[in-house]
Amino acid sequence: MLFGIVVSFFLFSLYWIWIKVVYYRYSHSGRESLFKLNQFKDGHMCQDTVRTAVYPWQSEHANSFDQVRALLVTAHPDDECMFFAPTILRLLQSKASVNLLCLSSGNYYNQGHHRQKELYDSCDVLGIPGSQVTIVDHKELPDDPKVEWNIHIISSLVLKQINTNSINMVLTFDGRGVSGHANHVAIYRSLSYLASSGKIPDGCCVLSLETVNVIRKYVSVLELPISWLCESDISFLIDSEEYRQAKRAMLCHRSQLLWFRHLYLLFSRYMLINTFRVISQEAKHWKIY
């Protein structure tokens, strides 16, 4: 019994040291060039530069995000801070321009007007100007997991934002939507359609936030070494001060602060690190209904 306790303590200590080492390597590779934009070739991200871009301490060259004009596409007010806060904070800290397109007012419980105000308050805390926040209130895109969102409508709204704001980086959910929400998945399907059908302008990359299993999702900083080992195309990690900023942003969504959301703030790895994969721009056959 005592031997098992000693071994467990020893293994946990080693793992904690590993976390410290990984975090040190992330956070001491240069604040502005911590995660840099990959090089592009014919409108596509060069896959052979991905690992260098994720881990810039492996490269002699640094590159900042000051030329990035990012568009974050979400489904509901509070998605921006629950799932994408590390991305927003790191991009803004690196002098990138960040626009937010929220495709519903969050009116599932008839709180749409109130939740829109909460979203603007949250973006103010995160650092996104209100002029760069667009909230869509379309009858075909209700806040409802039982309603299948129209891919054509989403695609048109996203393309309009890309062209109007000269966007060169689009970020959204992946095919599992982090929480499995049907509205999240619909956005991924729309961006995947745009990418694979050649409708995304040259020089614009499309990235999807990786969904992890429930154990990884709720072990907070303990998950960091796993994200470091698992290959991704780009990652964003924040420090303790920025975590508190992300938490303040979430607290702006007062209508959503049920007891389990407080637990989410404490334990979710998405409050600390985001890992993304490039959405393929290979041609596919799509049927749009």
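Since the structure is predicted, the reported quantities are computational estimates derived from the model, not experimental observations.

Colleague: How should I be thinking about helix H12 (residues 259–267) in this particular structure?
Modeller: Because each turn of an α-helix spans 3.6 residues, side chains separated by three or four positions in sequence point in the same direction. When we look at burial in H12, the residues that qualify are Arg261, Tyr264 and Leu265. Viewed along the axis of H12, the buried residues span an arc of 100°, placing them on a single side of the element. Residues of H12 that are buried sit in contact with helix H3 (79–82), helix H9 (214–217) and helix H11 (240–251).

Colleague: Explain the environment of Tyr264 here, please?
Modeller: Mapping Tyr264 onto the fold places it in helix H12. Residue classification places Tyr264 among the buried residues on the basis of a relative accessible area of 6%. Spatially, the C-alpha atoms of Tyr264 and Ser220 are 9.4 Å apart, while their sequence positions differ by 44 residues. With residues near it in sequence (within four places) discarded, Tyr264 still touches Met82, Phe83, Lys217, Tyr218, Tyr270 and Met271. One polar contact links the side chain of Tyr264 to the main-chain carbonyl oxygen of Met82, over a distance of 2.7 Å.

Colleague: It is not clear to me how the sheet that holds strand S5 (residues 133–135) should be interpreted in this structure. Could you clarify?
Modeller: Neighbouring strands of a sheet are bound in pairs by backbone hydrogen bonds; such pairs are parallel or else antiparallel. Read across the sheet, seven strands follow the order S5-S4-S3-S6-S7-S9-S8 without closing on themselves; strand pairing throughout is mixed. In the strand order of this sheet, the two ends are held by S5 and strand S8 (234–237), each with one partner. For this sheet the average axis-to-axis angle between neighbouring strands, irrespective of direction, equals 25°. As judged from the three bridges shared by strand S7 (residues 205–209) and strand S9 (residues 273–278), these two strands associate in the antiparallel manner. Paired with Ser208 across the two strands is Arg277, which belongs to S9. Relative to S5, helix H5 (residues 112–126) is tilted by about 165°, and along the sheet it contacts strand S4 (97–102) and S5. Here helix H8 (residues 182–196) sits on the sheet in contact with strand S3 (69–74), strand S6 (169–173) and S7, set at roughly 145° to S6.

Colleague: Could you clarify how one ought to interpret the packing of helix H6 (residues 151–164) against H8 in this entry?
Modeller: Axis angle and axis distance: for two packed helices, these are the angle between their axes and the distance between the axes, and together they describe the pair. Contact geometry of H6 with H8 gives a least axis separation of 9 Å together with a crossing angle of 65°. Overall, the two elements H6 and H8 adopt an arrangement that is roughly perpendicular. H8 is crossed by H6, and the crossing has right-handed handedness. Residues Ile151, Ile154, Ser155, Val158 and Leu159 of H6 pack against Ala186, Ile187, Arg189, Ser190, Leu191, Tyr193 and Leu194 of H8.

Colleague: In this structure, what is going on with the confidence of the model for the chain? I would like to understand it.
Modeller: Summing up the model confidence of the chain, the mean pLDDT is 83 and the portion of residues at 70 or higher is 76%. Of the regions scoring below 50 in pLDDT, residues 29–63 engages in 87 contacts with residues more than four places distant in sequence or in other chains.

Colleague: Before we go on, may I ask you to explain the packing of H5 against H11 in this structure?
Modeller: Where H5 contacts H11, the two axes come as close as 8 Å, and the packing angle between them is 165°. Relative to H11, H5 is oriented roughly antiparallel. Considering how the two elements wind past one another, H5 and H11 form a crossing that is right-handed. Contact residues: H5 offers Ser122, Val125 and Leu126, while H11 offers Gln245, Ala246, Arg248 and Ala249. Of the residues that constitute the contact of H5 with H11, the class distribution is four nonpolar, two polar and one charged.

Colleague: What exactly am I supposed to notice about the packing of aromatic side chains here?
Modeller: Centre distance and the angle of the planes are the two values used to describe a pair of aromatic rings. As enumerated under the stated definition, the model contains nine aromatic pairs in all. Seen from their ring centres, Phe83 and Tyr264 are 6.2 Å apart, and the 85° between their planes marks the pair as edge-to-face. With a gap of 181 residues between them, Phe83 in the loop between H3 and helix H4 (85–93) and Tyr264 in helix H12 connect regions that are remote in the sequence. Residue classification places Phe83 among the buried positions, given a relative accessible area of 4%. Ring centres 4.9 Å apart and planes at 80° place the aromatic pair Tyr108 and Tyr109 in the edge-to-face group. Here Tyr108 falls in the partly exposed class, since its relative accessible area comes to 37%. Of the aromatic side chains, those joined through ring pairs into one cluster are Phe83, Phe84, Phe173, Tyr218, Phe236, Tyr264, Tyr270 and Phe276.

Rules used throughout
Residues numbered from 1 in each chain as written. Predicted model: local features only at pLDDT ≥ 70, side-chain atom pairs only at ≥ 80, totals over all residues. Heavy atoms only, no water. Buried < 20%, exposed > 50% of the residue type's maximum accessible area, 1.4 Å probe, protein only. Helix = DSSP H or I, 4+ residues; strand = E, 2+ residues; numbered from the N terminus. Arc of directions from axis to C-beta. Contact = heavy atoms within 4.5 Å. Polar contact = N/O pair within 3.5 Å; in protein donor to acceptor, adjacent residues only side chain to side chain. Pairing = 2+ DSSP bridges. Axes fitted to C-alpha atoms, helices over the stretch in contact; angles between N-to-C directions. Parallel < 35°, antiparallel > 145°, perpendicular 65-115°, else oblique. Left-handed = near helix turned anticlockwise from the far one by under 90°. pLDDT = per-residue confidence, 0-100. Nonpolar A, V, L, I, M, F, W, Y, C, P; charged D, E, K, R; others polar. Phe/Tyr/Trp six-rings, centres within 6.5 Å; stacked < 30°, edge-to-face > 60°.

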